[in-house]
Amino acid sequence: MASIYSDEYQSVIRTLREARINKGITQESLAKALDRPQSFVAKFENGERRLDVVEFVHIACLLSLDPAVAVKELAKKQTRKAIKE
């Protein structure tokens, strides 16, 4: 299983964080929409907490991201990486 420190996982989190910032959404307002404390958002953005797939989909949708597109991009990167090896 991939670590929260893997390049792939960090890329997913970076995408969520950048979308939040680009939309002018604070950690606090995202947390309220998730009915979670602000520390929940801070912890997954800082790599202290791993998101499960249900949380990822919910957060992506709140940020107007298509979770399927993010997963497809991750799969493409994995395929390219496997071909190089």
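The notes below deal with the structure included here. (Residues numbered from 1 in each chain as written. Predicted model: local features only at pLDDT ≥ 70, side-chain atom pairs only at ≥ 80, totals over all residues. Heavy atoms only, no water.)

1. Some points on the packing of aromatic side chains
One pass over the full model with this rule turns up one aromatic pair. Pairing Phe 40 with Phe 44 gives two aromatic rings, centres 5.7 Å apart and planes at 65 degrees, and the pair type is edge-to-face. Remark: Phe 44 and Phe 40 occur in helix H3 (residues 38–45); sequence separation between them is four residues, near one turn of the helix. An identical accessibility class is assigned to Phe 40 and Phe 44; each is buried. We note Arg 36 situated over the ring of Phe 40; from NZ or CZ to the ring centre the distance is 4.1 Å. Cation over ring: Arg 50 sits above Tyr 9, and NZ or CZ is 4.7 Å from the ring centre. (Phe/Tyr/Trp six-rings, centres within 6.5 Å; stacked < 30°, edge-to-face > 60°. Helix = DSSP H or I, 4+ residues; strand = E, 2+ residues; numbered from the N terminus. Buried < 20%, exposed > 50% of the residue type's maximum accessible area, 1.4 Å probe, protein only. Lys NZ or Arg CZ within 6 Å of the ring centre and 35° of its normal.)

2. Some thoughts on the nonpolar core
Note that soluble globular proteins tend to have their nonpolar side chains buried in a common cluster. Among the nonpolar cores identified, the biggest contains 17 residues, and Leu 16, Leu 30, Phe 40, Val 41, Phe 44, Leu 51 and Ile 59 are the most heavily contacted of them. Looking at this core, the elements with two or more residues in it are helix H1 (7–22), helix H2 (27–34), H3 and helix H4 (53–62). If one sorts the elements of this core by residue count, H1 sits on top with five residues. What Val 41 contacts, discounting residues up to four positions off in sequence, is Arg 20, Gln 27, Leu 30, Ala 31 and Leu 34. (Core = buried A, V, L, I, M, F, W, Y, C linked by side-chain atoms within 4.5 Å. Contact = heavy atoms within 4.5 Å.)

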